[in-house]
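Inside the fold
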Amino acid sequence: MNRRTLFRALGFAAVGAGLAVAGCASQDAPPEPVGHAPTASEYRLGAGDALRVIVFGEDQLSGEFRLDANGRVAMPLIGEVAAKNKTTRDVEKEIAKRLEAGYVKDAKVSVEVLNFRPFFILGEVRNPGQYAYVNGMTALSAIAMAGGYTYRAKEDYILISRGSDPKKEVYKAPITTPVLPDDVVRIPERYF
């Protein structure tokens with residue numbers, strides 16, 4: 001075997017090994033199931049969210065409140081209201097129901113999220129870490145908040161673990177995937 005044939009064989013072996021590694025690299029996680037990603041309209045509250053509660057005509061009962069570690073909000077007169085894993089509409093109904101049970105006649109309540117829990121971005125971005133959530137955020141805008149990709153980043157997909165998933169399973173998803181508070185986004189490294 002001459003030198004030229006040896007180098008050609010080594011070159012083909014290196015390309016084959018590279019393709020094998022690249023093929024394995026794309027199998028980091030299963031794809032996110034269709035419909036698995038929650039939408040912002042069905043956002044579920046959690047510990048650390050800050051709320052503005054307005055009871056119309058009752059300024060003393062209105063104010064800004066933060067969910068405690070157990071996912072409860074402490075309201076004047078009615079005490080703690082469980083808000084974890086509920087929507088703002090669910091919390092509005094619960095507060096109104098409890099106020100109408102002896103304190104306010106025909107209570108009209110409005111609840112809005114002032115500050116969301118943060119999301120986390122790791123891996124091949126310039127500034128990995130914890131960031132404040134912005135309504136309507138996608139993985140691409142999260143990457144931009146984190147300073148953009150590093151030169152080693154694999155830019156065609158992300159790995160995401162949903163904060164709302166009790167199992168914290170990691171899924172492979174496109175960069176246009178919505179990101180919500182408590183989600184952990186990881187940008188994988190490319191091999192070539």
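Report on the accompanying structure. Computed from a predicted model, the values in this text were never measured in an experiment.

Rules behind the numbers
- Residues numbered from 1 in each chain as written.
- Predicted model: local features only at pLDDT ≥ 70, side-chain atom pairs only at ≥ 80, totals over all residues.
- Heavy atoms only, no water.
- Helix = DSSP H or I, 4+ residues; strand = E, 2+ residues; numbered from the N terminus.
- Buried < 20%, exposed > 50% of the residue type's maximum accessible area, 1.4 Å probe, protein only.
- Contact = heavy atoms within 4.5 Å.
- Areas by Shrake-Rupley, 256 points an atom, 1.4 Å probe, with all protein chains shown as cover.
- Pairing = 2+ DSSP bridges.
- Axes fitted to C-alpha atoms, helices over the stretch in contact; angles between N-to-C directions.
- Expected span 1.5 Å × (residues − 1).
- Arc of directions from axis to C-beta.
- Salt bridge = Lys/Arg side-chain N within 4 Å of Asp/Glu carboxyl O.
- Phe/Tyr/Trp six-rings, centres within 6.5 Å; stacked < 30°, edge-to-face > 60°.
- Lys NZ or Arg CZ within 6 Å of the ring centre and 35° of its normal.

1. Examining the overall build of the protein chain
When you go through the protein chain residue by residue, the secondary structure sums to three helices and ten strands. Its helices and strands in sequence order give the protein chain the pattern α-β-β-β-β-α-β-β-β-α-β-β-β, from N to C terminus. The buried share of the protein chain, reckoned over its 192 residues, is 35%. Counting only contacts in the protein chain whose residues sit at least 6 apart along the sequence, the fraction spanning at least 24 positions is 52%. Surface accessibility of the protein chain: about 11,300 Å² in total, with carbon and sulfur atoms responsible for 55%.

2. Observations concerning the sheet that holds strand E6 (residues 119–123)
Strand pairing in a sheet is mediated by backbone hydrogen bonds. Such pairs are either parallel or antiparallel. Pairing is mixed in the open sheet, where five strands are placed in the order E7-E6-E10-E8-E9. Of all the strands in the sheet, just strand E7 (129–131) and strand E9 (170–173) have a single pairing partner and so form its edges. Here the strands of the sheet are splayed against their neighbours by 25° on average, with no regard to which way each runs. Where E6 lies against strand E10 (residues 184–187), four bridges are found, and the strand directions are parallel. Paired with Gly123 across the strands is Ile187, a residue of E10.

3. Re helix H2 (residues 88–100)
Across its 13 residues, H2 extends 18 Å between first and last C-alpha, which sits within 8% of the 18 Å expected from 1.5 Å per residue. Among the residues making up H2, those that are buried are Thr88, Val91, Glu92, Ile95, Ala96 and Leu99. One side of H2 carries all its buried residues, which in axial view fall inside an arc of 130°. Exposed residues lying more than 90 degrees from the buried face of H2 are Arg89, Lys93 and Lys97. Buried residues belonging to H2 abut strand E1 (50–55), strand E3 (72–75), strand E4 (79–82) and strand E5 (109–115). The positive-phi residue at the C-terminal boundary of H2 is Gly102, with phi of around 130°.

4. Let's talk about the pattern of salt bridges
Considering all chains together, one arrives at 13 salt bridges under this definition. A salt bridge links Glu92 to Arg89; the shortest N-O distance between them is 2.9 Å. With a gap of three residues between them, Glu92 and Arg89 both fall in helix H2, about one helical turn apart. The shortest N-O distance in the salt bridge between Lys108 and Asp106 comes to 3.1 Å. Three or more residues joined by partner-sharing salt bridges are found here, namely Asp49, Arg117 and Asp182.

5. Description of the packing of aromatic side chains
Centre distance and the angle of the planes are the two values used to describe a pair of aromatic rings. Summed over all chains, the structure comprises three aromatic pairs. An angle of 80° between the planes, with centres 5.1 Å apart, marks the rings of Tyr43 and Phe116 as edge-to-face. Of this pair, Tyr43 sits in the loop between helix H1 (3–25) and E1 while Phe116 sits in the loop between E5 and E6, and the two are 73 residues apart along the sequence. When its relative accessible area of 11% is taken as the criterion, Tyr43 is described as buried. Relative to Tyr133, the ring of Phe116 lies with its centre 4.9 Å away and its plane at 75°, an arrangement referred to as edge-to-face. Taken together, the residues span a long stretch of sequence, with Phe116 in the loop between E5 and E6 and Tyr133 in the loop between E7 and helix H3 (139–145) at a distance of 17 residues. Judged by relative accessible area, which is 22%, Phe116 ranks as partly exposed. Through successive ring pairs, a cluster of aromatic residues spans Tyr43, Phe116 and Tyr133. The positively charged end of Lys172 is found above the aromatic ring belonging to Tyr157, 4.5 Å away from the centroid.

6. Focus on the sheet that holds strand E2 (residues 63–66)
Sheet architecture is open: three strands sit in the order E2-E1-E5, paired in antiparallel fashion. If you trace the sheet from one side to the other, it starts and ends with E2 and E5, each paired once. Across this sheet, the average inter-strand angle for adjacent strands is 30°, counted without regard to direction. In this structure, E1 lies alongside E2, joined through four bridges in antiparallel fashion. By the bridge assignment, Leu51 is partnered in E2 with Phe65.

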